[in-house]
Every structure is written in structure tokens, then in C-alpha cells.
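Observations on the model geometry
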Amino acid sequence: MLSILNSFCLKGLQGIPVKVEIDINNGLPGYDIVGLVGTAIKESKERVRSAIKNSMFQYPIVKITVNLAPANVKKEGPLYDLAIALGILSATGQVNLDNAKDYIILGELSLNGEVRKVNGVLPILISALEHNFKKVIIPYDNKNEASFIEGLDIYPVKNLKEAVAFINGELNIEKVLLNSFEELKQNKTYSYDFKYVKGQKMAKRALEIAAAGGHNLLMVGPPGSGKTMLAKCFPSILPDLTFDEALEITKIHSIAGVLDVNEGIITNRPFRSPHHTTTTVALTGGGRDAKPGEISLAHNGVLFLDELPEYSRHTIETLRQPLEDGVITVSRVENSVEYPANFTLIASMNPCPCGNFGSRDKECKCTPANIQKYLSKLSGPLMDRIDMHLEVDSVKYMDLKNEKLEEDSLTIKKRVDKARKIQLERFKNTSIFSNSKMTDNMVKKYCKLTETGDMMLQSAFENLNLSARAYNRILKVARTIADLENSEDILDEHIIEAISYRSLDKKYWN
Ligand SMILES: Nc1ncnc2c1ncn2[C@@H]1O[C@H](COP(=O)(O)OP(=O)(O)OP(=O)(O)O)[C@@H](O)[C@H]1O
Ligand SMILES: [Mg+2]
């Protein structure tokens, strides 16, 4: 006897419908599972059997064959357990699947029959909508992330018994109620605030621009000058997420299995700060399950690399392609998937091993060769992709002594939000949200300079030995500076300030 149930698998962020076919016949007792499946699915045999027995159902002593179709797509993870168990119970007449023909069924089983949380529910449900499915059974612990999807009847179940009773029409389960993203967004708090950072006006201004336009930024300065502190305050001034941005982020976090049970949808821009001992795979994604890495978890948010030269050169260099394209392709033997990786890179470093090279008042003890070796850990092409280079000097004693609190993050964030709103309006019918992601054509259209502005940029281009990429990036930063002042045109002072954030190239790297 054959039972067929609907489920889904994921290729990157895209869900693909899967038919779970369970055939039961009276051959020699056994359990086979086919259809290009990963280890976790092969191991479902033991979980399903124990879950059925421990839920006081009868496990048939027959030959069971499970097929997950289509067979040409790799399927991973334990999310088919519940569907398989229901298929087996149906073949022995313990559940009536006629009532569940148009349901999608997702869930891992524990040995005692609990339905466990699975990864990737949000992207699966969004794809299910696109494939015109209307009803879904999901694990109870996934219900928060499912509560932002309109147009689906979503039934959360806690265990196998409950799922069977629900399908048999013996138990009523409340549908997941729709949650409001706007309401949830109000309850944000941050642990760091710019009001405690004394002085450092220049650095704060640069970070405000970076936040407003999503520009990559590198801070160079001596030890203890507050680079790490400034970066930690950065999330508190990032612009509000739009619902679409939040969905994109939550999908990735759902697939990676790092979504908090209570969280549902992510309302804060991610701030990821992997340690410098991190591996390339952890940063870019991959491994056995082709999981998203740190750069994808930082999508629509910030990737903070503190002490940049301490990361392995190879690891840093892998950032070049995603910094340009905003996506990363993760490849492995049977599977190659693409994940979004549109992050803002904030990096910090000392200018030399002792940290004092270029300082106004401290003496550098490093030899030129040592300095050169240290700086050369960052290649020219990588530096070229960083829109803003910022020199952070030690905080002045008078500033540090000042008891008065500085401007707080909320006030800065309000300016950032205003500037971001202008950008959202500008890019309304496109797939981008900020100036930093403008294509070359958009730069031509939105970043027109005055005649003198153009001459200044030309002179900077020649004197600072800039590349075509740097030229475009300066224009994008200038666009953001103009937006912060609500100026339709890019004025000369805007382009001058944007150019000033590229002067370190020459000081340290030429
Ligand atoms: N502008 C400032 N206002 C208030 N406190 C500051 C400021 N700058 C630095 N500090 C204090 O100094 C400490 C060290 O700063 P931080 O760790 O950010 O320096 P850093 O530039 O990252 O140094 P390193 O290069 O050694 O990593 C902070 O934890 C903070 O207490
Ligand atoms: Mg530091």
C-alpha cells in the first residue's frame, strides 16, 4: 500500500516541493529510504520507529520503502520524520490521510514522539505560498517564525499523537495567529550607546554616514583609541529594518538554525563579529550541510572584523567577491547553493605592530619593513572595496575628563533613519535599499556633481591614484552625505568630505 504526503526541501533560500512516498508491503521486514537523502534523513528509521511505538501506536512488521521525490535534488535535515511516521500509520489504517492531502508536513521526531523544531521553516513557508499551498503542519517551536506569513493556515503540533488526532478530526488545533512586525520593532534595546563615547567627533560622523548609506568602513588607530568601543555602538544607530529586509535576514537565520525559539522574526540588523581565529568556511559558509556562514548571517546588517590583519590572509581575501556581488555561492560535492551576503563591513586595525605609526604624539618603534609587512596583510583589491577609511586617534584627556554625556545614539539614529527613508524612496522599485549598493548606472543617474565638484574629484583621482571602483564608491558616499542633509544635489562640500575618507590609502598603503 502506498501513501503520499507533501513536504519541502531547500536549495539556498528557495523551497522545492517534495513528495514523501511510503510504500508498505508484506515482504521481508525492513526499512529503505531513497531519493538523494543526507545522513540525518537516513537515520530517520530509528527515530520514526521509536516515536511510533512510544506514542502507543502500532509499528508494522513489514517491508517499508520511503522515497523522497524529486530524486535529483539533494535533501538534508530531519524534517521529514513526521511525514514518514504519518505515512506508515496511514498504511496500517491508524490515521486517515484523506484529510491531509493538501497539507505540507514538516517536523523532526524525538524517540518519545515529540515533534521537534526544524531549520528553514520560514523560507519553506514563503515558497509554499508561491506554490499555492494553503495548509501546513509545523513543529510547535517553529510557530513564532511562522507567525509573520499571511495567506497560509498554519497548525503547530507538539507531538505525533496530536498530529494524528488533528488529521483524524478528533482534535482542534488553533491556527498560528498573524503577528505585527511594526509592533515588535518598537521593543528594541541596545547595550552600547554613543553617549558614553567621549570626543571622537570625526569618527562618530563617519560612522553615521556609514550607517545611513550602508558603507564599508575601516578604522585605523593606536591601541586604546576606542575603535572597538565605537564599532560596538554602531548597531544602535543603524536604520530601522523594512519588513522585506527582516524576512530576508530571518530566512537565513532559520536555515542556519540560529533563530531563537521566542524570536520569530528578526527586528534588529545583525551585528556579527567572528573572532580572528575563524575559519574561511565559518565565514563564507559551506561544510557538510552547505550552511550559511557569518557573511550571510550578517546580511542586511554588519560584519565587524576587529584587528583585521590578525585574520588569515586567505580568509580576508574570500570577502572580495561577496563584497562586490552581495551573494556567495557555497559549493560542495552534490550541492551548490547561493546565499545572500549583503553586509556592511566594519573593520578595525592598528597601523603597525606597535600601534603608534602615524600618531600625533606617540613614537612608533617598528622598522619600516615590519610596518610594510603588517599593512600588506590587507591587499590593494580589498582596500579598494572599503568605501571609507578612517583614522581614529587617541581620545584627548580633556574630552575624557568631561563629565557631560555626549549626543545619544537615538538622536543620531533619527538622522540616519531620515537619510535612509530618502534612499528607500529613491530605490522603490528596485531590489536595493541603500546608496552603497547602487549599480554603475544608478551612480550615473543619482550622483551628478557640479563642475567644481567634478574637478576636485578628478584631482583626487589623479593625486591619490584611485581606481575606477574607488571613484564610484566616493560618489556613493557623497550621495549619502547629501541625503543626510536632505540635499537633492551633491554639493562641493559633500564630495570633499567623501574624498577625505579615501586619504589613508596614500598615507599607509602607497
Ligand atoms: N572616546 C572614549 N570615550 C570613553 N572611553 C573610551 C574612549 N576611547 C576609549 N575608551 C576606553 O578605552 C577602552 C579601550 O578602548 P577600545 O578597546 O575600544 O580601544 P581599541 O582602539 O579597540 O584598542 P586596540 O587597538 O588595542 O584594540 C574602552 O573600553 C573604553 O573604556
Ligand atoms: Mg580593539
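Residues numbered from 1 in each chain as written. Chains lettered and ligands numbered in written order. Predicted model: local features only at pLDDT ≥ 70, side-chain atom pairs only at ≥ 80, totals over all residues. Heavy atoms only, no water.

Here we look at the site of ligand 1
In the neighbourhood of ligand 1, 16 residues make up the surrounding shell, with Lys198, Gly224, Lys227, Thr228 and Glu307 lying closest. The contact in question runs from an oxygen atom of ligand 1 to an N or O atom on the side chain of Thr228, over 2.7 Å. When residues of the shell around ligand 1 are assigned to their parent elements, the largest contribution, three residues, is made by helix H9 (residues 227-233). By residue class, the composition of the shell around ligand 1 is seven nonpolar, six polar and three charged. (Near = heavy atom within 4 Å. Polar contact = N/O pair within 3.5 Å; in protein donor to acceptor, adjacent residues only side chain to side chain. Helix = DSSP H or I, 4+ residues; strand = E, 2+ residues; numbered from the N terminus. Nonpolar A, V, L, I, M, F, W, Y, C, P; charged D, E, K, R; others polar.)

Some points on the pairing of strand E4 (residues 63-69)
The two faces of E4 differ: Ile64, Val66 and Leu68 on one face are buried, but Lys63, Thr65, Asn67 and Ala69 on the other face are not. As paired strands, strand E2 (residues 14-25) and E4 are joined by seven bridges and run antiparallel to one another. Bridged to Ile24 within E4 is Ile64. Across five bridges, the pairing between strand E3 (residues 30-34) and E4 is parallel. From the neighbouring strand, Asp32 faces E4, where its bridge partner is Thr65. (Buried < 20%, exposed > 50% of the residue type's maximum accessible area, 1.4 Å probe, protein only. Pairing = 2+ DSSP bridges.)

Let's talk about helix H4 (residues 121-130)
Because an α-helix completes one turn every 3.6 residues, residues spaced three or four positions apart along the sequence face the same direction. Counting buried positions over the 10 residues of H4 gives eight, a clear majority of the element. Taken as a whole, H4 has its buried residues at Val121, Leu122, Pro123, Ile124, Leu125, Ile126, Ser127 and Ala128. In the stretch just after H4, Asn132 is the one whose phi turns positive, near 65°.

Structural notes on the packing of H4 against helix H10 (residues 243-256)
The interhelical angle for the contact between H4 and H10, taken along N-to-C directions, is 120°, at an axis separation of 7 Å. Taken as axis vectors, H4 and H10 run oblique relative to one another. Contacts between H4 and H10 involve Val121, Leu122, Pro123 and Ile126 on the former and, on the latter, Leu247, Thr250, Lys251, Ser254 and Ile255. When its residues are assigned to classes, the contact of H4 with H10 shows six nonpolar, two polar and one charged. (Axes fitted to C-alpha atoms, helices over the stretch in contact; angles between N-to-C directions. Parallel < 35°, antiparallel > 145°, perpendicular 65-115°, else oblique. Contact = heavy atoms within 4.5 Å.)

Comments concerning the environment of Ile124
Within the secondary structure, Ile124 is located in helix H4. For Ile124, a relative accessible area of 2% corresponds to the buried category. Separated by 115 residues in sequence, Ile124 and Cys9 have C-alpha atoms that sit 7.4 Å apart. Not counting residues up to four positions away in its chain, the partners in contact with Ile124 are Phe8, Leu10, Leu79 and Leu106.

Digging into the packing of aromatic side chains
Applying the stated rule across the entire model yields eight aromatic pairs. Geometrically, the ring pair formed by Tyr155 and Phe166 is tilted, given 4.7 Å between the ring centres and 40° between the ring planes. Of this pair, Tyr155 sits in strand E9 (residues 153-157) while Phe166 is found in helix H6 (residues 160-167), placing the two residues 11 residues apart along the sequence. This pair shows no difference in class: Tyr155 is buried, exactly as Phe166 is. (Phe/Tyr/Trp six-rings, centres within 6.5 Å; stacked < 30°, edge-to-face > 60°.)

Focus on the pattern of salt bridges
Taken as a whole, this structure holds 24 salt bridges when the rule is applied. With a closest N to O distance of 3.0 Å, Glu245 and Arg269 form a salt bridge. Taken together, the residues span a long stretch of sequence, with Glu245 in helix H10 and Arg269 in the loop between H10 and strand E11 (271-272) at a distance of 24 residues. Among the charged side chains, a salt-bridge network with shared partners connects Glu324, Asp384, Arg385, Asp387, Arg469, Arg473 and Arg502. (Salt bridge = Lys/Arg side-chain N within 4 Å of Asp/Glu carboxyl O.)

Here we look at the nonpolar core
Counting 73 residues, the largest nonpolar core has Val20, Leu82, Ile88 and Leu160 as the members making the most contacts within it. Counting residues per element, this core draws most heavily on helix H3 (residues 81-91), at eight residues. The two domains that each donate at least three residues to this core are domain 1 (2-167) and domain 2 (194-421). Ala212, Leu217, Val392 and Ala478 belong to the second largest nonpolar core, which has 49 residues in total. (Core = buried A, V, L, I, M, F, W, Y, C linked by side-chain atoms within 4.5 Å. Domains from an automatic or database assignment.)

As for the domain arrangement of the chain
Per the domain assignment, the segments making up the chain are domain 1 (2-167) and domain 2 (194-421). Using only C-alpha atoms to locate each centre, domain 1 and domain 2 end up separated by 40 Å. Overall, the association of domain 1 and domain 2 removes approximately 1,800 Å² of surface from exposure, summing both partners, and the carbon and sulfur fraction of that is 62%. Scanning the region where domain 1 abuts domain 2 turns up zero salt bridges. Where domain 1 packs against domain 2, one counts five residue pairs in polar contact (both at pLDDT 80 or more). Put simply, the parts of the chain that give the side of domain 1 that touches domain 2 at least two residues each are strand E1 (2-11), H4 and helix H5 (143-146). Among the elements that make up the side of domain 1 that touches domain 2, the one with the highest residue count is H4 (four residues). (Buried area = accessible area lost by both parts, 1.4 Å probe.)

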